[in-house]
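# Examination of the molecular architecture
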Amino acid sequence: MAILNIMKAGAPVLKTKCAPVKKVDAKLRHLLDDMAETMYKFNGIGIAAPQVGVSMRAVVIDIGDGILELINPVITMRDGSAIDSEGCLSVPDIYGDVERAAKIEVEYTTRYGKRRKLAAEKLLARCIQHECDHLDGILFIDIAKNLRRETGDDDE
Ligand code: NI
C-alpha cells in the first residue's frame, strides 16, 4: 500500500464530474487500499478517488465502525434534513456548516462486484453525501455556511 498525494481545493480534478468505474478488478482494489491508507494517515473519515487525483466514482469511508467502500454509489432516497459542521482533507483546517439529508439510502458496488444497498443516518449519512458530492465535482465549501478556520477536527 502507499500514501497518495491529496489534491487540494483549486485542483481541476476536484471540480470534475467523475466517470463510473467500469471494471472492478485488482487494480481498483489496490487503489481502494491506497485510498484507505491515505485517509487513515491524515485522520480523515472519508476520501473520494478524485481527492487522490483519480477521476473515478469510488469512495472509502470509516467513521469509526470499520471500512466502507462504495463503488459507483447512487443515493436513491433522502429524508429529512440536518445541519452540522464538516471539513475535508482537500480543504485543510477549514470547517463549515452544511445542510444534508438526515437519512439516506445508497446503492453501490462492492470491491468484489456485488451491488448492495445501505441505509444510513447521522454522521454516516452525512459522510456518504459529502463523498458522493466529490464524485460530482462539488466541495463542501461550495455549499457550506459559516466557513471558519480551525484545527484538529475530523475531515471527510
Ligand atoms: Ni471531502
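Just above sits the structure.
Treat the numbers as computed from the prediction; the structure is a model and nothing was measured.

Reading the values: rules and limits
Residues numbered from 1 in each chain as written. Predicted model: local features only at pLDDT ≥ 70, side-chain atom pairs only at ≥ 80, totals over all residues. Heavy atoms only, no water. Helix = DSSP H or I, 4+ residues; strand = E, 2+ residues; numbered from the N terminus. Expected span 1.5 Å × (residues − 1). Buried < 20%, exposed > 50% of the residue type's maximum accessible area, 1.4 Å probe, protein only. Salt bridge = Lys/Arg side-chain N within 4 Å of Asp/Glu carboxyl O.

Okay, helix α2 (residues 122-135) next. With 14 residues, α2 should cover 20 Å at 1.5 Å per step; its first-to-last C-alpha distance of 21 Å lies within 8% of that length. Most of α2 is tucked away, with 12 of its 14 residues classed as buried. Every buried residue of α2 is accounted for by L124, A125, R126, C127, I128, Q129, H130, E131, C132, D133, H134 and L135. Where α2 terminates, the next one or two residues include G137, which has phi positive at roughly 80°.

Turning our eyes to something else, we now look at the pattern of salt bridges. For the structure on display, the rule yields 11 salt bridges. Put simply, D142 and K15 hold a salt bridge, and the shortest N to O gap is 3.0 Å. With a gap of 127 residues between them, D142 in the loop between α2 and β8 (145-149) and K15 in the segment before α1 (26-41) connect regions that are remote in the sequence. Given the relative accessible area of 48%, K15 is considered partly exposed. Between E105 and K117 there is a salt bridge, and its shortest N-O distance comes to 3.6 Å. With E105 in strand β6 (residues 103-109) and K117 in strand β7 (residues 115-121), this pair connects stretches of sequence that are 12 residues apart. Residue class for K117 comes out exposed when judged on its relative accessible area of 52%. What you see here is one network of salt bridges that share partners, running through E86, R100, R126 and D133.

Take it as geometry only, folks, not as evidence of what the structure does.
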